[in-house]
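Overview (structure and organization)
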Amino acid sequence: MINKFLGFEPDKSKLPSATAKIGADLDLSSHKYQKIWLGPNHPGVTGNMAIELTVEGNTVVNAKTHVGYLHRGFEKLIERRLYVQGFPTSIRMCVAEPDTNEYLIATCTEQLSGYDKAVPEMAKWLRMLSLEMARLQGLLRGVPGQGGTFALGLGVQWGVYLRDLILDRFEELTGARVYHMYIIPGGVRGLLPDGFKERMEDNLMDIDDFIIRIRKLMFHNSVFKTRAKGLARITPEMVDKYGIVGTNARGCGVKRDVRKDEPYLHYDKLDFDPPTDSDGDIYARTWVRWQELIQTVDLIRQIMAKMPAKGDIKAQMPNVLHWQIPKGETYVRLESGRGEYGMYYVTDGTDKPRRVNLRGPSYTHAIALLEDLLVGADVADVHAIMVSLQTCPPEIER
Amino acid sequence: MPFTAWSKIVKDPVTIKDPLNREAAPRYRGFHDNDVDECIGCGTCEAICENEAIDLVPVDGIETKDGDSGLRPKIDYGRCCWCALCVDICTTNSLRLTNEYTWVDTDPDNFRFVPGVDEKDWYEKEDGWRKPVPNYHFYGQERVEMEELPAEARGDSFIEFVKGYSKDQAQQEADRCVECGICIGTCPAHMGIPEYIKTIRNDDMEEGLKILYDTNPLPEICGRICTHKCEDVCSVGINGDPLSIRWLKRYIADQVPSEQYHEILDTQKIFKGDTKIAILGSGPAGLSTAYYLSLLGHNVTIFEKLEKAGGMMRYGIPEYRLPYDQIDKDVDYILSLGVEIKYNTDVDAKMFKKLESDFDAVFISTGLHAGRSTRIPGSDHKHVFQSIDLLRQITAGEEIMVPEKVVIIGGGNVAMDITRSMARLQKIKYGKVQTLATSLESEEEMPADREEVVEAREEGAIIDPGWGPKEIEIVDGKIKGLHVVKVLSVFDEDHRFNPKFDEDNKKFFDADMVVESIGQAPDLSYISDELKEKLELGPRGRYLLNEYNQTSVEWLFAGGDIVVGPDVIHGIADGHKAAVGIDNFLHNKKK
């Protein structure tokens, strides 16, 4: 029977099976195996998520990801609010890069109401700027953070300081440091302040310096190399099977980037090529992210150089208090720092969305993929593997 | 590279030594401040707050008045997420977020406060989040223009020149409403304005008509000539054009054919009791009282002096503003509810005494049909007319004098009505317009609606305000013109009418005919002296009325222009009150 939602019948034999790996007969009463719960509250776990590990000595033989500690029903909350009220809620669905949620909500409503063509040019460039700044601040924490999982904490301190400088720029541009609430249906909420580009350039120069130092600190570090090389290897065959996206896919040579594959905003006007590597291990993924750090700094410079000097920031839209969007559905995606990040949005002609569903990369990365990659790993490497997949529990359970 | 980790050891620390005193960015979304004098308590901040963190609360020292709900937003920082949507939608731009970002307090109740009223440290901070640059709006700022016949096409005819909204235009205009309801409080009849505007957005005209008739039985008329106090206070109008509430009302009424009224308004069958009420005058107050009384089951008889119903709406307002068929639509529906009307019946003192015995209650709304004279030399000439008489004659189809040059004295809406009517008649007769209107008040002070002045000028009339009439020059029994002197001021310091003139600055307006339009007076000669003695007087020499428009003689109620106004909507509001008052009175009498 043809699945009425998908329009075709999926071949279930090709989907990863959760039961296959748990089938290993682990007799806990033999005292050969031991259960360790990592999380839900553990300083090494990103967000509130638990990994149930079955270990044999120092080696993980089985792993199971548990989520549900963080569920706040954000999708449902958005479904009970007006279209314009959605974005302050949506940003909580991913703290690491909140701007991506704002962009998705705004674009979904614009597409379904037919206002996507009305978004002013200036607003598009500013949206791109804020999205790339969000990627940059994420990478400033993420790249050295990978070193942190191998007890190399210094890079994190450097990175967090520089990230704070980017948050300063966010504060100037958007009025807030973390939850920016900047991209709104129809446009954005503010022009560049005077002198913004100069201050940004100062920060980018600091980051240029940081990029060189972190290369020496991490990638030339023998401990980092020894531990990260060959660990948690993702092969190109796994990419489609698990639905791996972003830097995790690019780390094994599968060049996937929504900005290139399906350009949105003005990404087709920027000159860039997503970096890749071939090894697919933690070292390769971190290396790809380090290259992406360079690229993001370059993209921000390109955006600031190419954006218009002035212009409208918001389209003329219907009154937000009784804005009704005709019946329709859409899926909008973008390339977040963690990979393809999308939102499925259904409207039914009323003033509130019928269904909002966020598709974050962490759902597959932190559950299906992580559970498999952990098998055979050292207990000491569990955090490193988890962090290398850039798991973000808030986006798994919205 | 073993020394990389040491590379910053000689650098200064990057941490800020005193983070609490770090100045936030100029655009930072910190804590709320509200300019309570600017704020009108419209509550759009409350409506858009996604966390329901805002409540509108009464505040000491702020009174409820026209255009101000008397309430101010109270913010609950246990719920607020500092998204600043409240600031972005604020109709008055009074609400803002300062860039203060630290606040330490030991009392949790303090975190629910009324910005701008409760004392906080950060109000002096100038920076913070305000509504972004121009062209950033959450609702339409510009009114959908009402299409009108151009001056060339309307100048020589009495055809209605305002075309009315199309469906798209009406819905676009209705979309701008923020549903604050400030207008409801100001409308004398307290019409459910946001509710009926909503029915336009939902394209549900039947529901719209029901809402209109809840509070106003003359929607076609009010949809055209209402003085729209609601639009003066519309919160959308503070930083943009106010909503065209009047035209939207007209749109609803225009959409429903009169044949469907009984079905939609569920008035096919009304139970009538044995009570009888007499109403004097079929103007807005009389008709409105008759409408609500018949819905309450009373038998109503209206006594109308003239040939047709409508009072000043028919005999005062020219046809180009309010076509007669639209008056008929509203009036006929009210009469179809079983209201009896006696035309051409001039009630005198003797007949009025009879009404007292024949009816259970009497409502008088005979309006202001006597013109006031300037009493300047020459004003007793036979070619000096009262505007109200001329307008009545035009409606009745009587022949009136239309000379080549006319001067009108007066700056109100009635003066504009006669100016524009005379201009039309001149255009028809001579092909050119030589009508001039002059008033004591200056251009800015003129009581007439601005659009009336503008349109009169478009139609070729000259409006020359700021002159005081001194004498009508008469040579050989014929009017030559009007002598005027410059007005320095119309009102004194106490805002009392006390015009001052510059006697040296003179002017002369050529005219063959002068029309006086400086106000009207009531004619209450039907009230006998005996009854007059029983009636207590209130302020300004008017009869004292209670909250139900009841006089001190309990069977006598009064309303309309003789009590308040003059305009239609106040008359309708009197109808509400009097109908309830009469119903209560009769109910208590039965007991």
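Residues numbered from 1 in each chain as written. Chains lettered and ligands numbered in written order. Predicted model: local features only at pLDDT ≥ 70, side-chain atom pairs only at ≥ 80, totals over all residues.

Here we look at the overall build of chain B
The helix and strand inventory of chain B stands at 20 helices and 21 strands. Principal-axis analysis of the C-alpha atoms gives chain B an extent of 115 × 70 × 45 Å. For chain B, the residues scored as buried account for 45% of the 591 residues in total. Looking at chain B alone, contacts between residues at least 24 apart form 73% of all its contacts between residues at least 6 apart. (Helix = DSSP H or I, 4+ residues; strand = E, 2+ residues; numbered from the N terminus. Buried ≥ 20, exposed ≤ 12 C-beta atoms within 10 Å, placed from the backbone. Contact = placed C-beta atoms within 7 Å.)

Some words on the domain arrangement of chain A
Residues and elements named next belong to chain A. Segmenting chain A into domains produces domain 1 (1-70 + 361-398) and domain 2 (74-356). A straight line from the C-alpha centre of domain 1 to that of domain 2 covers 26 Å. Listed as interface residues are 21 residues of domain 1 and, on the opposing side, 28 residues of domain 2. Listed by contribution, the elements that provide at least two residues to the side of domain 1 that touches domain 2 are α13 (362-374), α14 (382-388) and α15 (393-396). Each residue belonging to the side of domain 1 that touches domain 2 can be placed in one class, and the counts come to twelve nonpolar, six polar and three charged. (Domains from an automatic or database assignment. Nonpolar A, V, L, I, M, F, W, Y, C, P; charged D, E, K, R; others polar.)

With respect to the interface of chain B and chain A
Contacts between the two partners involve 30 residues from chain B, matched on the other side by 28 residues from chain A. Classifying every residue of the side of chain B that touches chain A by side-chain character gives 19 nonpolar, four polar and seven charged.

Focus on the sheet that holds strand β9 (residues 340-342) of chain B
Residue and element names in this part refer to chain B. Here we have five strands laid out as an open sheet, ordered β9-β8-β7-β10-β21, and parallel in their pairing. With one partner strand each, in any of the chains shown, β9 and β21 (556-558) form the two edges of the open sheet. Averaged over all adjacent pairs, the angle separating strand axes in this sheet is 20°, with direction ignored. Strand direction decides the pairing type here: strand β8 (residues 299-303) and β9, joined by three bridges, are parallel. What sits directly across from F303, in β9, is K342. (Pairing = 2+ DSSP bridges. Axes fitted to C-alpha atoms, helices over the stretch in contact; angles between N-to-C directions.)

Some details on the confidence of the model for chain A
Put simply, chain A has an average pLDDT of 89, and 95% of its residues get 70 or more. Confidence, expressed as mean pLDDT per element, reaches its minimum in chain A at helix α1 (residues 18-22) of chain A with 48 and its maximum at helix α12 (residues 282-306) of chain A with 94. (pLDDT = per-residue confidence, 0-100.)

Quick look at the domain arrangement of chain B
Residues and elements named next belong to chain B. Taken domain by domain, chain B consists of domain 1 (21-129), domain 2 (155-264), domain 3 (276-368 + 522-590) and domain 4 (370-520). Here domain 1 and domain 2 have C-alpha centroids that lie 33 Å from each other. Broken down by class, the residue content of the side of domain 1 that touches domain 2 amounts to two nonpolar, seven polar and one charged.

Quick notes on the sheet that holds strand β16 (residues 467-475) of chain B
Residues and elements named next belong to chain B. Reading across from one edge, β16-β17-β18 is the order of the three strands in this open sheet, with antiparallel pairing throughout. Either end of the sheet is taken by a strand with one partner, and the two such strands are β16 and β18 (497-510). In this sheet, adjacent strand axes meet at a mean angle of 25° when their direction is disregarded. Bridging between strand β17 (residues 478-491) and β18 involves nine bridges; their strand directions are antiparallel. When the bridges of β18 are listed, G481 appears paired with D510.

A closer look at the pairing of strand β10 (residues 361-364) of chain B
Residues and elements named next belong to chain B. Neither face of β10 is open: one carries A361 and F363, the other V362 and I364, and all of them are buried. Bridge count for strand β7 (residues 276-280) against β10 is four bridges, and the pairing is parallel. By the bridge assignment for β10, I277 is matched with A361. In this sheet, β21 lies alongside β10 in parallel orientation, the contact comprising three bridges. Residue pairing for β21: V362 is matched across the bridge by L556.

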